[in-house]
Amino acid sequence: MENLIFSLNATLPIFILMLLGVFFRKVGLMDGRFVNQMNQFVFKAALPVLLFEDLAGSDFFHVWDTRFVLFCFGATLAEILLAGCVSLLLKDKNLRGEFIQSCYRSSAALLGIAFIKNIYGNAGMAPLMIIGSVPLYNTIAVLILSFTRPGQKNLSKGVLKDTLKGVCTNPIILGILAGMIWSVMGLKQPAIMEKTVASLSAVATPLGLMAMGASFDWKKAGEAVRPALLATAMKLLVMTGAFLPAAIWLGFRNEQLVAILVMLGSATTVSCFVMARNMGHEGVLTSSVVALTTCASAFTLTFWLYLIKSLSLI
């Protein structure tokens, strides 16, 4: 019972905040324009500052773990390959790009940080997990969606250039790099800066989670049912079931294991839908998977966390 309560305390507050976002949208306290602006604010300002704060105040050489970063990169690459193989089962080739992206792209930054902070009180290993996975998330997503776009024959140089630019200017990556540089240089934040950074970073998680809950249409979960259910099972059960034991076998424990769990088993990120639509895809399958994984991950993440807690791995 103690392990179950521990797991629920880590997961339920996250999903309650998301449900509050849904409620506030329903009663008119949030509209589409406000939610979009809030998502932009969290992604471009609050979340990068939160990651900067966690890294800038730590000993970089003590925190950095090459083995952990390489595992996150390798597991993400393996997820992509596995999702690509399973996508061949889909009769509609136009859905394959959306399916692959939905199977491997997690809400690693927002949900991951919220999840880890609920357990440990700080972002823990989330920044290093993001370094190992998020650049690969975005790069491969653009390539896959470009190759599988209806009517697409060749991948243009413009798409490759925009992809590289997007990765290099990603605010989350920039926030992590700034924090790492600050930590390596051993700089101390002035009191004014420290309090300002702390205040801004404090709003990242609650605003981001509420915006996430309010930003997509939950009714879409009923569309493209079969491929959406398959992608949801892949995202929340198959990927975690395949690679979490590998992480345990390699000796990852505590904060590292929780970060890996979040990378593997958290809901498909809402930005998948935005990217799919902007790159010429219908987006119905993606929005369905986002809705389904968001609902179901409240239970699956609790289960996985309960399991590794019961095994005394965290």
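Keep in mind that what you see is a predicted model, and the values were worked out from it rather than measured.

(A) Representation of a nonpolar patch on the surface in the model. The grouping of Leu12, Ile16, Leu20, Phe23, Val27 and Leu29 at the surface amounts to a nonpolar patch, some 550 Å² of accessible area in total. Here Phe23 lies in helix 1 (residues 2–26).

(B) Highlighting the packing of aromatic side chains. Tallied over the entire structure, the rule returns 5 aromatic pairs. A ring pair is formed by Phe71 and Phe252, whose centres lie 5.2 Å apart and whose planes are at 50°; its orientation type is tilted. Taken as a pair, Phe71 in helix 4 (residues 66–87) and Phe252 in the loop between helix 12 (225–249) and helix 13 (254–265) lie far apart in primary sequence, 181 residues in all. Of the two residues examined, Phe71 and Phe252, each falls in the buried class. The ring of Phe252 carries the charged tip of Arg67 above its face, separated from the ring centre by 4.6 Å.

(C) Region of the structure containing the side chain of Thr300. Here Thr300 lies in helix 15 (residues 284–310). With residues up to four places along the chain from it excluded, the contact list for Thr300 reads Leu236, Leu237 and Gly265.

(D) Representation of the UniProt feature "transmembrane region" (unreviewed entry) in the protein chain in the model. On the UniProt side, "transmembrane region" (unreviewed entry) is annotated at positions that read residues 6–24, 68–90, 126–147, 167–185, 197–216, 228–251, 257–276 and 288–308 here. Segment residues 228–251 splits into 92% helix and 0% strand. End C-alpha atoms: 33 Å apart.

(E) Local environment of the environment of Met18. With respect to the helices, strands and loops of the structure, Met18 is situated in helix 1. We classify Met18 as buried; its relative accessible area is 2%. Spatially, the C-alpha atom of Met18 lies 7.3 Å from that of Ala214, the residues being 196 residues apart in sequence. In contact with Met18, other than residues within four places in its own chain, are Leu111, Leu209, Met212, Gly213 and Thr294.

(F) Looking closely at the environment of Glu98. Secondary-structure assignment places Glu98 in helix 5 (residues 96–104). What makes Glu98 buried here is its relative accessible area of 2%. Sequence-wise, Glu98 and Ser287 are 189 residues apart; in three dimensions their C-alpha atoms are separated by 9.6 Å. Excluding anything up to four places from it in sequence, Glu98 contacts Leu145, Ala276, His281, Glu282, Gly283, Val284, Leu285 and Thr286.

(G) Focus on the side chain of Gln101. Following the sequence through the fold, Gln101 ends up in helix 5. In this structure Gln101 touches Ala141, Leu145, Cys272, Met275, Ala276 and Thr286, once residues within four positions along its chain are discounted.

(H) Just helix 7 (residues 126–147), in detail. Between its terminal C-alpha atoms helix 7 stretches 31 Å, which fits the 32 Å expected from 22 residues at 1.5 Å a residue. Maximum bend of helix 7: about 35°, positioned at Ser133, with proline Pro135 one to four residues after it.

(I) Molecular detail of the packing of helix 2 (residues 32–56) against helix 11 (residues 204–214). Relative orientation of the contacting elements helix 2 and helix 11 amounts to 150°, with a least axis distance of 9 Å. Relative to helix 11, the element helix 2 lies roughly antiparallel. When you trace helix 2 past helix 11, the crossing you get is left-handed. Residues Val35, Met38, Asn39, Phe41, Val42, Ala46, Leu47 and Leu50 of helix 2 lie in contact with helix 11, whose contacting residues are Ala204, Thr205, Leu207, Gly208, Met210, Ala211, Met212 and Ala214.

(J) Fine view of the packing of helix 7 against helix 13. Remark: helix 7 packs on helix 13, axes separated minimally by 9 Å, with the N-to-C direction vectors making an angle of 25°. Classified by the angle between their axes, helix 7 and helix 13 sit roughly parallel to one another. Crossing of helix 7 against helix 13: the hand is right-handed. For the pair helix 7 and helix 13, the contacting residues are Ala126, Met129, Ser133 and Tyr137 in the first and Ala259, Val262 and Met263 in the second. Tallied by class, residues from the contact of helix 7 with helix 13 come to 6 nonpolar, 1 polar and no charged.

The rules behind these values
Residues numbered from 1 in each chain as written. Predicted model: local features only at pLDDT ≥ 70, side-chain atom pairs only at ≥ 80, totals over all residues. Heavy atoms only, no water. Patch = residues over 30% accessible without salt bridge, like charges linked within 9 Å, V, L, I, M, F, W, Y side chains within 5 Å. Areas by Shrake-Rupley, 256 points an atom, 1.4 Å probe, with all protein chains shown as cover. Salt bridge = Lys/Arg side-chain N within 4 Å of Asp/Glu carboxyl O. Helix = DSSP H or I, 4+ residues; strand = E, 2+ residues; numbered from the N terminus. Phe/Tyr/Trp six-rings, centres within 6.5 Å; stacked < 30°, edge-to-face > 60°. Buried < 20%, exposed > 50% of the residue type's maximum accessible area, 1.4 Å probe, protein only. Lys NZ or Arg CZ within 6 Å of the ring centre and 35° of its normal. Contact = heavy atoms within 4.5 Å. UniProt positions renumbered as here; feature names shortened; annotations may be inferred. Expected span 1.5 Å × (residues − 1). Bend = angle between axes of the 7 residues up to and from the residue. Axes fitted to C-alpha atoms, helices over the stretch in contact; angles between N-to-C directions. Parallel < 35°, antiparallel > 145°, perpendicular 65-115°, else oblique. Left-handed = near helix turned anticlockwise from the far one by under 90°. Nonpolar A, V, L, I, M, F, W, Y, C, P; charged D, E, K, R; others polar.

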